[in-house]
Amino acid sequence: MASVTLGGNPVTLNGTFPTVGSIAPAFSLVAKDLSDVSLASLAGKRKVLNIFPSVDTPTCAMSVRHFNESAAKLENTVVLCISADLPFAQSRFCGAEGIENVVNLSTMRGREFLANYGVDITSAPLAGVAARAVIVLDENDQVIHAELVADIKDEPNYEAALKVLA
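Let me sum up the structure you'll find in this document. The shown structure was predicted, so the numbers you read here are calculated from the model rather than taken from an experiment.

### A short note on the pairing of strand β10 (residues 133-137)
Most of β10 sits out of view: five of its five residues are buried. Side chains A133, I135 and L137 project from β10 onto one buried face, and the interleaved V134 and V136 project onto a second face that is buried too. Across five bridges, strand β6 (residues 46-51) lies against β10 in antiparallel orientation. Directly across from N50, in β10, lies its bridge partner V134. Bridging between β10 and strand β11 (residues 143-148) involves five bridges; their strand directions are antiparallel.

If you want it as structure tokens, here you go:
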């Protein structure tokens, strides 16, 4: 298991983080209209999974803004911003920020996603939410980029994630 910290303090994660070349685990998460969105429902599209604790933190909000801007330029690609936030909070944030190019998904149902993707924080102040990660999937749900950010307060490597989609 990779070492992850929060402001330099060790954080314990549960689960197995997907590796490049593996097939992404199936999931079902909650969309802004409270419907369930599954990985299977996005078949045939490339997917960027921007995983983070909460849109109510500066770094998380910045990642949503960055991927929103980039998503408009990507062909056959959907950017999924996945957090513990309720769909109402995600929608309020995106409305206030004018964010329209990403799909927000909540782990309020489908919490097994956290362990299945190896981002389930089980210690420290953020226990119960996701560590910061970016996973990029091709049209067949094969992992083509996987970054578990070393410190949750740091931004992901946007350039590396988007480069695999060029």
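Moving on, there is more to tell.
### Observations regarding the side chain of N104
In this structure, N104 sits in strand β8 (residues 103-106). For N104, a relative accessible area of 12% translates into the label buried.

### Observations regarding the layout of surface pockets
Empty space within the largest pocket amounts to approximately 190 Å³. Along its surface, the largest pocket is lined by A31, K32, S91, C94, G95, I99, E100, V102, V103 and N104. Breaking the lining of the largest pocket down by element, the ones donating at least two residues are α2 (87-97) and β8. Of the residues forming the lining of the largest pocket, the biggest block, three residues, is contributed by α2. Considering only residue class, the lining of the largest pocket consists of five nonpolar, three polar and two charged.

### Describing α2
Those residues of α2 lying buried are P87, A89, Q90, F93 and C94. In a view along the axis of α2, the buried residues occupy a sector of 165 degrees, so they form one face of it. Those residues of α2 that are exposed and angled more than 90 degrees off the buried face are R92, G95 and A96. At the C-terminal side of α2, G98 shows a positive phi close to 70 degrees.

### Here's the deal with helix α1 (residues 58-71)
Every α-helix carries 3.6 residues per turn, so stepping three or four residues along brings you back to the same face. Here α1 contains 14 residues, and its C-alpha end-to-end distance of 20 Å stays within 8% of the 20 Å for a straight helix at 1.5 Å per residue. Regarding α1, the residues found buried are T59, C60, A61, S63, V64, F67, N68, S70 and A71. In this fold, the buried residues of α1 make contact with β6, β7 (77-83), α2, β10 and α4 (158-163).

### A closer look at the pattern of salt bridges
In total, this model carries three salt bridges according to the counting rule given. R109 is the partner of D36 in a salt bridge, and the nearest nitrogen-oxygen pair spans 2.9 Å. Taken as a pair, D36 in strand β5 (residues 36-38) and R109 in the loop between β8 and α3 (112-116) lie far apart in primary sequence, 73 residues in all. On the accessibility criterion, D36 (48% relative accessible area) is partly exposed.

### Concerning the nonpolar core
Within the largest apolar cluster, 32 residues are counted, with the highest numbers of intra-cluster contacts made by F27, L49, I51, F113, Y117 and V119. Elements that contribute at least two residues to this core include exactly β1 (4-6), β6, β7, α3, β10 and β11. Here F113 is in contact with F27, L29, L49, I51, I82 and T107, once residues within four sequence places are set aside. Of all hydrophobic cores here, the second largest spans 21 residues; its members include V55, Y158, A161 and L165.

### Quick notes on a nonpolar patch on the surface
On the surface, L34, L86, F88 and M108 cluster together into a nonpolar patch covering about 360 Å² of accessible area. Its place among the elements puts M108 in the loop between β8 and α3. Given a relative accessible area of 36%, M108 falls into the partly exposed group.

### Here's the deal with the packing of aromatic side chains
Scanning all chains against the criterion turns up four aromatic pairs. Pairing F67 with Y158 gives two aromatic rings, centres 5.3 Å apart and planes at 75 degrees, and the pair type is edge-to-face. Within this pair, whereas F67 is found in helix α1, its partner Y158 is found in helix α4, the two being separated by 91 residues in sequence. Each member of the pair, F67 as well as Y158, is classed as buried. Here F113 and Y117 contribute two aromatic rings whose centre-to-centre distance is 4.4 Å and whose plane-to-plane angle is 25 degrees, an arrangement assigned as stacked. In terms of burial, F113 and Y117 fall into one category: buried.

So, how was this worked out
Residues numbered from 1 in each chain as written. Predicted model: local features only at pLDDT ≥ 70, side-chain atom pairs only at ≥ 80, totals over all residues. Heavy atoms only, no water. Buried < 20%, exposed > 50% of the residue type's maximum accessible area, 1.4 Å probe, protein only. Helix = DSSP H or I, 4+ residues; strand = E, 2+ residues; numbered from the N terminus. Pairing = 2+ DSSP bridges. 1 Å grid on protein atoms, 1.4 Å probe; cavity = no way out; pocket = protein on both sides within 12 Å on 5 of 7 lines; lining within 4 Å. Points joined across faces, edges and corners; volume = space filled by probe spheres on them. Nonpolar A, V, L, I, M, F, W, Y, C, P; charged D, E, K, R; others polar. Arc of directions from axis to C-beta. Expected span 1.5 Å × (residues − 1). Contact = heavy atoms within 4.5 Å. Salt bridge = Lys/Arg side-chain N within 4 Å of Asp/Glu carboxyl O. Core = buried A, V, L, I, M, F, W, Y, C linked by side-chain atoms within 4.5 Å. Patch = residues over 30% accessible without salt bridge, like charges linked within 9 Å, V, L, I, M, F, W, Y side chains within 5 Å. Areas by Shrake-Rupley, 256 points an atom, 1.4 Å probe, with all protein chains shown as cover. Phe/Tyr/Trp six-rings, centres within 6.5 Å; stacked < 30°, edge-to-face > 60°.

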